[in-house]
Amino acid sequence: IMQRNTIGLYDCQPATLPTLINQFREWMSTARLIGLPALTEWTATRVDYAIDVNTNNVRHYVALAKAQNRPAWYFDRIDLSGSAYPESKSVTINFYDKADQVQRKLVNVVDYSRLLGEAANIFRLEVQCRSVKLKGLQRKYQQRNDLRITNFLRRDIATAVVVGYYKLIMGYQDFHSQ
């Protein structure tokens, strides 16, 4: 967990959760957001799970993601050259070139050059789970009607979601012959 802008991801594991909770409390205090509940009491309406793939072939990965035969209930809501965004009622799956995203969205940020350097050669797969999906995860992982955000910050859930949607959209194929 960093105390500066970063494109890095939060590692969902029990050892890092207390640090996240404390840093969130410190940020809330610094931002003068006194009176809001602690992070452990926040209810989730969306949770994003992601993985970064470091590769010199980011454009090829994006092209493969855009070319896949996805299930009929998924549609692409955004058409950008450096990304693919298949979406359904419960999730949005983002496949994108992180450096391309930084160049488009963070150009006016103070740490732009450093962030662009961090984003180089990163292909990110991100699954944005909306409340419908979260309720399904809640049932699957036996969380008993408890949608607190901290219940979803678990590595086993993150891995299952990311790998499951990778298999659904990209699958395991011989891409050399395509």
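Please read all numbers here as calculations on a predicted model, not as lab measurements. Just so you know, the residues in each chain are numbered from 1, in the order the chain's sequence is written. Local features in a predicted model are, by the rule used here, given only for residues with pLDDT of at least 70; side-chain atom pairs are given and counted only at 80 or more, and totals for whole chains, interfaces and linings are based on all residues. As a rule here, side-chain values come from all non-hydrogen atoms in the structure, and water together with hydrogens is ignored.

Asks: Looking at this structure, I do not really get the pairing of strand S6 (residues 122-130). What am I missing?
Replies: Walk down a regular strand and you will see the side chains alternate between the two sheet faces. For each residue, the accessible area found with a 1.4 Å probe, counting protein chains only, is set against the maximum for its type, and the residue is called buried under 20%, exposed over 50%, and partly exposed in between. The numbering of helices and of strands both runs from the N terminus, where a helix is a DSSP run of H or I of at least 4 residues and a strand a run of E of at least 2. Burial analysis of S6 places eight of its nine residues in the buried class, the great majority of the element. Relative to S6, strand S1 (residues 46-54) runs antiparallel, the two sharing nine bridges. Counterpart to Val-47 in the pairing with S6 is Cys-129. Here a strand pair is declared whenever DSSP counts at least two bridges between the two strands. Direction of pairing for strand S5 (residues 91-97) relative to S6: antiparallel, over a ladder of seven bridges. Within the sheet, the bridge partner assigned to Ile-93 lies in S6 and is Val-127.

Asks: Hey, could you run me through the packing of helix H3 (residues 98-105) against helix H4 (residues 112-119) in this one?
Replies: A pair of packed helices is captured by two measures, namely the crossing angle of their axes and the spacing between those axes. In the contact formed by H3 and H4, the axes pass within 8 Å of each other and the chain directions differ by 160°. Judged on the interaxial angle alone, H4 and H3 are roughly antiparallel. Judged by the twist between their axes, the crossing of H3 over H4 is right-handed. Counted together, Lys-98, Ala-99, Val-102 and Gln-103 of H3 and Tyr-112, Leu-115, Leu-116 and Ala-119 of H4 form the full contact between these two elements. Think of it as three bins: nonpolar holds Ala, Val, Leu, Ile, Met, Phe, Trp, Tyr, Cys and Pro, charged holds Asp, Glu, Lys and Arg, and polar takes everything else, Gly as well. A class-by-class count of the residues in the contact of H3 with H4 yields six nonpolar, one polar and one charged. Only the stretch in contact is used when a helix axis is fitted, and all axes are lines through C-alpha atoms; the angle between N-to-C directions ranges over 0 to 180 degrees. Our angle categories are set so that under 35 degrees counts as roughly parallel, over 145 as roughly antiparallel, 65 to 115 as roughly perpendicular, and the remainder as oblique. For any pair of crossing helices, the crossing counts as left-handed if the nearer helix is rotated counterclockwise from the farther one by less than a right angle, and right-handed if it is rotated clockwise. Contacts: residue pairs with any heavy atoms within 4.5 Å of one another.

Asks: What's the story with the nonpolar core in this structure? I'm lost.
Replies: Where a protein is soluble and globular, its nonpolar side chains tend to be buried together. Within the largest apolar cluster, 33 residues are counted, with the highest numbers of intra-cluster contacts made by Tyr-49, Ile-93, Phe-95 and Leu-137. Those elements that place two or more of their residues in this core are helix H1 (17-30), S1, helix H2 (58-67), S5, S6, helix H5 (131-140) and helix H6 (155-169). The biggest single contributor to this core is H6, with six residues. Those residues in contact with Leu-137 that sit more than four places away from it in its chain are Tyr-49, Cys-129, Phe-152, Ile-157 and Val-161. Side-chain atoms within 4.5 Å link the members of a nonpolar core, which is a set of buried Ala, Val, Leu, Ile, Met, Phe, Trp, Tyr and Cys residues. If you look at the next biggest cluster of nonpolar residues, it comprises five residues, including Ala-99, Tyr-112, Leu-115 and Ala-119.

Asks: Would you mind showing me how to read unusual backbone geometry here?
Replies: The phi torsion of most residues other than glycine is negative, and most of the peptide bonds are trans. Backbone geometry at Asn-121 places phi at a positive 65°, although glycine is not the residue there. Along the chain, the position of Asn-121 falls in the loop between H4 and S6. Classification of Asn-121 as partly exposed rests on a relative accessible area of 38%.

Asks: Sorry, what's going on with the pattern of salt bridges here?
Replies: Any two side chains of opposite charge can pair, on the condition that their charged atoms come close. A side-chain nitrogen of Lys or Arg and a carboxyl oxygen of Asp or Glu constitute a salt bridge if their distance falls within 4 Å. Under the definition given, this model contains nine salt bridges. Between Asp-48 and Arg-46 there is a salt bridge whose closest N-O contact spans 2.8 Å. For Arg-46, a relative accessible area of 44% corresponds to the partly exposed category. Notably, a salt bridge pairs Asp-100 with Arg-104, separated by 3.1 Å at the nearest N-O pair. Linking Asp-100 with Arg-104, this pair stays in helix H3, spanning four residues, or about one helical turn.

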